[in-house]
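Given next are the chains, with one letter for each unit.
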Amino acid sequence: MTVLLVALGAAVGAPLRYLTDRAVQARFGSAFPWGTLTVNVAGSLLLGALAGLPTGPAVGALLGTGFCGALTTWSTLSYETLQLARAGGRLPALVNVLGSVAAGLAAATVGYTLTRTLAG
Amino acid sequence: MADGAGRRVDPDVDLRVPRDRREVAAHPAAVLGAIAAGGVLGALARAGLQAAFPHGPATFAWATFGVNVSGCLLIGVLMAVLRAAGGGPPLARPFLGVGVLGGFTTFSTYAVDVHAALVAGAPATALAYLAATVVGALFAVWAGDTLTGRLLSRGAR
């Protein structure tokens, strides 16, 4: 059952990352990887919110491990950072990786604090 | 690079690369289906490793660390191979890169585990995990891409 829930969440999360990335690039251009930052921060916010709630293992498998896990990515982030650095952009590369980590941690904290407070 | 893939920044999709720009309109079901199928395989592999090597909130998340660093090594290898092959088969990047490796690695679990270690009163673990993942991921992607690129160019000579 857990396997099916993880699979279902990932089957939605991975294509949603791709489609969000396309939509963000179509709007803001492709020089800086805003699309990946968007999915990583949104997924961290949602997973942080789930961590603050008394959820069961089924919700964790579907939305946490499956959906948020596949929506967000380290492989894409690291490759983008490498390519930004190679294009001569040491500063954009550093801003991309450190900014993603800072924004992701902040989003996880906000999500957790919000649901923790609301759930009392 | 005739196809513009050499200037690619985003391995998931870069709209400056003509093939990336056209792929969804041309074959929406195949592209999105390949990404979903790859994502399922990657996520199940990650879930299996996380279940095999569990960790508490105050301890280092070795399974997720290993998943993220190895996934970064593999995206470097994959992108170097696809670059040398002029992009490779049309569904190779969507299935293996966006799907399998994107679904295997996770940023949200990383962020939430760093936060959980802080909440659990283990700031040293949180900081070590935060920094080790950043350094490990960047070294791994550089090594995977650079070494594979060198091997392929040596083989082509």
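Calculation rules
- The residue numbering used here restarts from 1 in each chain and proceeds along that chain's sequence as written.
- Chains carry letters and ligands carry numbers; both start at the beginning, A for chains and 1 for ligands, and go up in the order they are written.
- Predicted model: local features are reported for residues with pLDDT of at least 70 only, side-chain atom pairs are reported and counted for 80 or more only, and whole-chain, interface and lining totals are derived from all residues.
- Only heavy atoms go into the side-chain values, all of them from the structure, while hydrogens and water stay out.
- UniProt positions are given in the numbering used here, feature names are shortened, and annotations may be inferred rather than shown by experiment.
- Comment: elements are numbered from the N terminus, with helices defined as DSSP H or I runs of at least four residues and strands as E runs of at least two.
- Each residue is assigned to one of three classes by its accessible area relative to the maximum for its type, calculated with a 1.4 Å probe on protein chains only: buried under 20%, partly exposed between the two thresholds, exposed over 50%.
- Here, residues are in contact when the closest pair of their heavy atoms is within 4.5 Å.
- What qualifies as a polar contact is a pair of N or O atoms within 3.5 Å, subject to a donor-acceptor requirement within protein and to the restriction that residues adjacent in sequence count only when both atoms come from side chains.

- In the nomenclature of an unreviewed UniProt entry, chain B is known as Fluoride-specific ion channel FluC of Micromonospora globbae.
- Recorded under Sequence similarities (unreviewed entry), the UniProt text for chain B is reproduced unchanged: "Belongs to the fluoride channel Fluc/FEX (TC 1.A.43) family."
- In its Function (unreviewed entry) section, the UniProt record describing chain B reads: "Fluoride-specific ion channel. Important for reducing fluoride concentration in the cell, thus reducing its toxicity."

- Under the annotation held in an unreviewed UniProt entry, chain A carries the name Fluoride-specific ion channel FluC and is attributed to Micromonospora globbae.
- Taken from UniProt, the Catalytic activity (unreviewed entry) comment for chain A reads in full: "fluoride(in) = fluoride(out)".
- Word for word, the UniProt comment on chain A under Subcellular location (unreviewed entry) is "Cell membrane".

## Some thoughts on the UniProt feature "binding site: Na(+)" (unreviewed entry) in chain A
Inference 1: With numbering aligned to this structure, UniProt lists the feature "binding site: Na(+)" (unreviewed entry) at Gly69 and Thr72 of chain A.
Inference 2: With respect to the secondary-structure elements, Gly69 of chain A resides in helix H3 (residues 57–71).
Inference 3: Tracing the backbone shows Thr72 of chain A in the loop between H3 and helix H4 (75–86).
Inference 4: Under the relative-accessibility criterion, Thr72 of chain A is labelled buried at 0%.
Inference 5: Excluding residues within four positions of it along the chain, Thr72 of chain A makes contact with Arg17, Val39, Asn40, Gly43 and Ser44 of chain A together with Gly102, Thr105, Thr106, Phe107 and Ser108 of chain B.
Inference 6: Of note is the side chain of Thr72 of chain A, whose polar atom sits 2.9 Å from the backbone oxygen of Cys68 of chain A.

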